[in-house]
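Close look at the chain arrangement
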Amino acid sequence: MSRVRQPPLVTGISPNEGAAWTKVTIRGENLGTGPADLIGLSICGHNCLLTAEWMSASKIVCRVGPAKDDKGEIIVTTKSGGHGTSTVSFKLLKPDKIGILDQSAVWVDEMNYYDMRTDRNKGISPLSLRPSNPLGIDIDKGKIPQNDMELLFPGVSGDFTSENFSATCYLIENHLGTSFEQLRMAANNLKKHATKKNEGSLAYVKGGLSTFFEAQDALAAIHQKLESDGTERVEGSMTQRLENVLNRASNTADTLFQEVLGRKDKADSTRNALNVLQRFKFLFNLPLNIERNIQKGDYDVVINDYEKAKSLFGNTEVSVFKKVYAEVEMRIGALRSLLLEKLLQTPSTLHDQKRYIRYLSDLHAPGDPAWQCIYAQHKWILQLMQNCRDEFIGGQRVGAGAIALDMEADARPSALRISHTASLKRGSSLRTPRPSTWRFETPQQVQFVEKLSDVVIGQLPNFWKLWISYVNGSLFSETGEKSGQVEKSKKNARQRQNDFRKMIEELTHRLVKLVRGALLPATLPQGELRFYGGWETKTELTGHWVTQVIHTARGCHEALSTLEIPNDLLQVIQDLLLELRVHCLIVTLQHTTEDVKKLAEKEDWVVDNEGTTNLPSQFEQCVVQMLQSLKEPMETKPGEINVLQLDLAQDKASELSAVIMKTFIYCLEQLSMKTDDNINRSHMLADLASPDTFSSAQEDFSPTLEQRLLIILSNCEYLKKHTFLNLAEHFEKHSFTGTEKITQASSEAVRELDEKLFAAYTAKKSDPIIGSLEPGIYAGYFDWRDCQAPTGVRNYLKEALVSIITVHAEVFTVSKELVPRVLFQIVESVTDEICRLMDCVPSFSRNGALQARLELCALRDAITCYLTSTSDATFRKALDALPQLQSGADKKLLEELLNTFKSSMQLQLTCFQPSSVQPVKR
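As the structure is a computational prediction, the values presented were derived from the model and not from experiment. (Residues numbered from 1 in each chain as written. Predicted model: local features only at pLDDT ≥ 70, side-chain atom pairs only at ≥ 80, totals over all residues. Heavy atoms only, no water.)

**Overview of the side chain of T77**
- Mapped onto the fold, T77 is located in strand β8 (residues 71-78).
- A polar side-chain atom of T77 sits 3.2 Å from a polar atom in the side chain of H83. (Helix = DSSP H or I, 4+ residues; strand = E, 2+ residues; numbered from the N terminus. Polar contact = N/O pair within 3.5 Å; in protein donor to acceptor, adjacent residues only side chain to side chain.)

**Points about the side chain of T831**
- Relative to the assigned elements, T831 resides in helix α25 (residues 818-839).
- The residues touching T831, leaving out its near neighbours within four places in the chain, are I863, L867, S871, T874 and F875. (Contact = heavy atoms within 4.5 Å.)

**Examining the pattern of salt bridges**
- Summed over the entire model, instances satisfying the criterion amount to eleven salt bridges.
- For the salt bridge of R331 with E327, the shortest nitrogen-to-oxygen distance reads 2.2 Å. In this pair, R331 and E327 both sit in helix α8 (residues 319-344), four residues apart, roughly one turn of the helix.
- Residue class for R331 comes out buried when judged on its relative accessible area of 19%. (Salt bridge = Lys/Arg side-chain N within 4 Å of Asp/Glu carboxyl O. Buried < 20%, exposed > 50% of the residue type's maximum accessible area, 1.4 Å probe, protein only.)

**With respect to empty space enclosed by the protein**
- Going through the model one piece at a time under the given rule, you end up with three cavities of 30 Å³ or more.
- Considering only enclosed or pocket space, the largest cavity measures out at about 90 Å³ in volume.
- Residue lining of the largest cavity: V449, S453, L511, V512, V515, T552, A553, C556, I573 and L576, and that is the complete set.
- Secondary-structure elements contributing two or more residues to the lining of the largest cavity are α13 (444-472), α15 (497-519), α17 (543-561) and α18 (571-597).
- Here the lining of the largest cavity is built from residues that sort into eight nonpolar, two polar and no charged.
- If you add up the space inside the second largest cavity, you get close to 50 Å³.
- Elements with a contribution of two residues or more to the lining of the second largest cavity: α10 (369-393), α13 and α15.
- Counting residues per element, the lining of the second largest cavity draws most heavily on α15, which supplies three residues.
- Each residue belonging to the lining of the second largest cavity can be placed in one class, and the counts come to eight nonpolar, one polar and no charged. (1 Å grid on protein atoms, 1.4 Å probe; cavity = no way out; pocket = protein on both sides within 12 Å on 5 of 7 lines; lining within 4 Å. Points joined across faces, edges and corners; volume = space filled by probe spheres on them. Nonpolar A, V, L, I, M, F, W, Y, C, P; charged D, E, K, R; others polar.)

**A look at the packing of helix α9 (residues 350-362) against α13**
- The interhelical angle for the contact between α9 and α13, taken along N-to-C directions, is 30°, at an axis separation of 10 Å. The angle between α9 and α13 falls in the class roughly parallel. At the point where α9 passes α13, the crossing takes the right-handed sense. Facing α9, whose interface residues are L350, Q353, K354 and I357, α13 presents N462, K465, L466 and S469.
- For the contact of α9 with α13, the class distribution of residues is three nonpolar, three polar and two charged. (Axes fitted to C-alpha atoms, helices over the stretch in contact; angles between N-to-C directions. Parallel < 35°, antiparallel > 145°, perpendicular 65-115°, else oblique. Left-handed = near helix turned anticlockwise from the far one by under 90°.)

**Re α8**
- Look at α8: 37 Å from first C-alpha to last across 26 residues, which is about the 38 Å you get at 1.5 Å a residue.
- All of the buried residues along α8 are F321, V324, Y325, V328, R331, I332, L335, R336, L339 and L343.
- Packed against the buried residues of α8 are α6 (281-296), α7 (299-313), α9 and α10. (Expected span 1.5 Å × (residues − 1).)

**Some thoughts on the packing of aromatic side chains**
- Across all of its chains, the model carries four aromatic pairs by this definition.
- Stacked on the ring of F782, the Lys or Arg R794 has its end atom at 3.9 Å from the ring centre. (Phe/Tyr/Trp six-rings, centres within 6.5 Å; stacked < 30°, edge-to-face > 60°. Lys NZ or Arg CZ within 6 Å of the ring centre and 35° of its normal.)

**Structural notes on the sheet that holds strand β7 (residues 59-63)**
- The strand order β6-β7-β3-β1-β10 describes an open sheet built from five strands, whose pairing is mixed. The strands lining the two open edges of the sheet, one partner per strand, are β6 (53-56) and β10 (85-86).
- When strand β1 (residues 9-14) meets strand β3 (residues 23-29), the two strands line up antiparallel, connected through five bridges. Directly across from V10, in β3, lies its bridge partner G28. (Pairing = 2+ DSSP bridges.)

**Describing a nonpolar patch on the surface**
- Among the surface-exposed residues, L256, F257, V260 and L261 lie close enough to one another that they form a single nonpolar patch of about 380 Å² accessible area.
- Tracing the backbone through its elements, the reader meets L261 in helix α5 (residues 238-279). (Patch = residues over 30% accessible without salt bridge, like charges linked within 9 Å, V, L, I, M, F, W, Y side chains within 5 Å. Areas by Shrake-Rupley, 256 points an atom, 1.4 Å probe, with all protein chains shown as cover.)

Here it is, written out as structure tokens:
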């Protein structure tokens, strides 16, 4: 675009007056940058552009035309500066015209003017030379109707040029209200005019009197000679001889001057032809100039020259002009075809499309080039989108092939690449920078969606802007100036609004269907899978990659929304986003379930101070990472729906979340049932920092079945007290609904596993102890009815206590929290068994009763901290069933033996005296 110049200003003209066709020199400022820039020149209202010769920006030479105004301004118009002004004026002098009936002493040429623009000969009508007011007074038209005049004066007319002229009619028509004095004055004017005319005729006769006498004498002599010669003789008469002499003279003259006259005629003809060529060189040079300017790409110059030629010679009747103008039209027709081909060529920029449309409009191309361009762009974008899918389905974009195609895409014109500029109101690229290995690691579906988004964002904005320019008429007028082209464009746009709407719908639907075919093929009808599917052999995307696709789709929707495309046309993209978000939620939960299943393989059986391994924290971390990965897809952008508020999505998410919890609990159960051969032989490290620990240092060992049960029980306790509560907070933080159901289902599942594992462990530990009681009691053929006086607690009971202590040490090594629970259960089982055995004795001797009471009291006092209400009641019942001690000696002996037992096993019994043991409520 050239910079805006000041409008032309005419400051001088030389000469400043003259008759028509006078050559003048115009001076001023900003009179154009060249001959092509000068598009208008008028003097006194007459167009003088054809005779104008541009000399410089301050000088123009031209000829004044036969203007109608006697005096007027000089107006210059240029393309660069527009309509100009003038500070000077030109006075047009009109020569006195001599009528065809007026007497003249000199020869007067016929005054015919040739109009170059219209090619019409204008002759001066004899009637126009007659006076319009012969009386010389003001005309006062009458108001008598013409019909009444015809009735009053039939057959006559008031027109003084008519053969039926009537003075009365003339006076009634033109001087009905004229006073008598004015009519008298008019009569005097007629007399003066007649006298002046007679005097003028007499003067002409006096001036040519000598010529008249000479002519009269010559005619008289010729007459006498002819009379004397006689006219009856034809042959030999003077007339005949004179004719013969004249013929010989003519022949001789033709012989002498034929070649000269021929050359003169040829020269005159050539000169006339050269004058015509010089005078109309613009037209004759126009075909060649059009060809040259087309080759240079100066289409503006071609259009301006064509408009000028069309206005001057479009309706010419001159054959040579017709022939040249036909050649011009042929060149312009070829230019129309060339511009239309360039307009429909793809790819092309929006600037070039607008430029070619304006050129075609200025050249009055048939049809509607703007709509043809819009239709071609629409088909091209659709084909680009389909080609993108075909490239990926065909396996051409893998590995190095992907890099090659991307490099090829980068080499394409800028119209094919995404331009994330301020026009889209996006300050950065659609995607974040990626490492060099991105193309090799990213799934094909993700690369396809991003490439497809690039195509849409790169092409649809220009397509939409082209339509907007077509609607508001700015294709033909950047300033908003109204014109026929602008109004025609707006009218055509109004008629094609529905068609363009269908185009946008087709583009958005094609985009959505292609993405569905790659990610959600189940949502497409079976008939459309052949065109949009074909991804069955590709790997199913994880939640991470689906999130990347959602990010890309959101960026695409945002970019299109900034173009002010109606929301209803973009609703299909919003629907796709909603389904993608739901799909991402479900896929992420499903893949998390698979990841949780693999956690069992990571169990290293390393126990910390709290008696848990790293497995619960790994599980919690896995779920937290899942929720964090869902943060972006679950986030509700403007215009989107909260996925977690949808009933189906809510129910499915709750169900899958509960499945994740149950899957982890199932993993714990599987770990508890592994045989020693299947155990990961990692070292189990016990943190023995506490002074109350049973073992003394870190000890390397492989966990036994009982140890695994303890560790998993400890993990279950940790899940109930910490992990599930933490996860519930995380679920609520991320707006998950149904958290209570998830927590309840998880707690129920872990409770069942805990009870199952606890029962299995206590059974494994208590059964050997219980099984050893009866053989120990009756060892050595012991008989309650015939036994010696007691000397102390027998060994079977001590062995049972040591076994319980062993269990205490084993549990304490893993988890202090589990000690009371396990010992309460084992003590209760041992208590029940030993009391049952005592109840089965039919009778006791005095020594037997004392021995039984000693052993029951020793056992009760040793494990008193771990007695439940049931166990305590069992002991009381068993003691009450024994014969009571009658003598004080027996009571004293019982007390001494109990003290001896407690002092001898003080070290072992210390583990049964924890400071913070709380009895289990039954």
